[in-house]
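# Structure assessment
The primary structure of each chain is shown beneath.
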Amino acid sequence: MGSQWSKDGPYRKAVREGYRSRAAYKLLEIQERYSIIRDDDNVVDLGCAPGSWLQVVTEHTHGMVLGVDLQIIAPVEGARIIVGDISDPHLKEIVTDLLGIVNIVLCDASPNLSGQSSYDQARAIGLGEDALNFAREVLKTGGNMVIKSFQGEDFHDLLVKIKRYFYSVKTFKTKATRKGSREIYIIAKNFCGKEGCT
Ligand SMILES: C[S@@+](CC[C@H](N)C(=O)[O-])C[C@H]1O[C@@H](n2cnc3c(N)ncnc32)[C@H](O)[C@@H]1O
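Attention in this report is confined to the structure presented alongside it. (Residues numbered from 1 in each chain as written. Predicted model: local features only at pLDDT ≥ 70, side-chain atom pairs only at ≥ 80, totals over all residues.)

## A look at the packing of helix α5 (residues 91-99) against helix α6 (residues 117-138)
Between two packed helices, what matters for the description is the angle formed by their axes and the separation of those axes. Here is the rule we go by: Fitted lines through C-alpha atoms give the axes, limited to the stretch in contact for helices. The angle between two N-to-C directions lies from 0 to 180 degrees. Helix numbers and strand numbers start at the N terminus; a helix is a DSSP run of H or I with at least 4 residues, a strand a run of E with at least 2. Orientation is classified from the angle alone, with under 35 degrees giving roughly parallel, over 145 giving roughly antiparallel, 65 to 115 giving roughly perpendicular, and any other angle giving oblique. Whether a crossing is left-handed or right-handed is set by the direction in which the near helix is turned from the far one by less than a right angle, anticlockwise for left-handed and clockwise for right-handed. Here contacts are defined at the residue level, using C-beta atoms placed from the backbone and a cut-off of 7 Å between them. Side-chain classes are defined by residue name, with Ala, Val, Leu, Ile, Met, Phe, Trp, Tyr, Cys and Pro counting as nonpolar, Asp, Glu, Lys and Arg as charged, and the others, Gly among them, as polar.
Where α5 meets α6, the closest approach of the two axes is 10 Å, and the angle between their N-to-C directions is 45°. When the axes of α5 and α6 are compared, the pair comes out oblique. Here α5 and α6 pass one another in a crossing that is right-handed. Across the interface between the two elements, L91, K92, V95 and T96 from α5 touch F134, E137 and V138 from α6. Looking at the contact of α5 with α6 residue by residue, the class counts come to 4 nonpolar, 1 polar and 2 charged.

Here it is, written out as structure tokens:
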């Protein structure tokens, strides 16, 4: 990630301000606009490496913060980090054992790109579905979720699925996202419960 972004201004700004990547500004924009994280929330951050969202989260809550990624990362003060896969059906037990209550699930995970766009799109949508399934198992009623996704095939279907489980669902393109990117964030607030909204 560092080498790809090392020459751009936003990356240099992130380093200057103590963030591990410019992705921090995406969550800061989301938080400023949608007030996703409240100051006593317990938060799970799926796909947390290299850790800039964890840095932002710990600035916004005194609750417990847990990061999950396929990769090992350096510690982030105020957060616990585990190596894990979003699609692992046992992840929910591990997370609830560690946190008890989960108020917020964030997912900024993206697959390694193969260059084959319909395959990459399908994997990205699959990650979003895994994150939703995880959230359905662990999230407290009334909790919030943010999922990174990509506009294209099956994006609409993912959005429809998410709308079944949250009272409020919006999409948001951050200013920090590169121009021309299909990246988009789904902001889902007020979880209805595992069985969905009635
Ligand atoms: C764009 S980076 C996340 C950046 C992070 N939000 C930050 O601010 O530092 C995407 C991450 O998703 C992780 N990832 C992809 N698939 C995953 C999976 N199945 N389970 C857990 N993490 C995954 C990758 O390892 C990668 O570190």
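## Concerning the site of the ligand
The following threshold applies: Residues are counted as near a molecule or strand when the C-beta atom, derived from backbone positions, lies within 6 Å of that molecule or strand.
Contacts to the ligand come from 23 residues, most closely from A23, G47, A49, S52 and D108. Breaking the shell around the ligand down by element, the ones donating at least two residues are α3 (23-34), α4 (52-60) and β2 (65-69).

## Quick word on the sheet that holds strand β7 (residues 183-191)
Just so we agree on the cut-off: In short, DSSP must find at least two bridges between two strands for them to pair.
Across the sheet, 7 strands lie side by side as β3-β2-β1-β4-β5-β7-β6; this open sheet has mixed pairing. Both outer strands of the open sheet, β3 (80-83) and β6 (166-172), are each paired with one neighbouring strand and no more. Taking the axes of each pair of neighbouring strands and ignoring which way they run, one obtains an average angle of 15° across the sheet. Along the sheet face, α6 touches β1 (43-46), β4 (102-107) and β5 (139-150) and points at about 175° away from the line of β5.

## Quick look at the packing of α3 against α4
Across the interface, α3 lies against α4 with an axial gap of 7 Å and an inter-helix angle of 35°. By crossing handedness, the relation of α3 to α4 is classed as right-handed. The segment α3 lies against α4, with A23, A24, L27, L28 and Q31 engaging S52, W53, Q55, V56 and H60. Along the lines of polarity and charge, the residues of the contact of α3 with α4 split into 6 nonpolar, 4 polar and no charged.

Nothing here speaks to function; it is all geometry.
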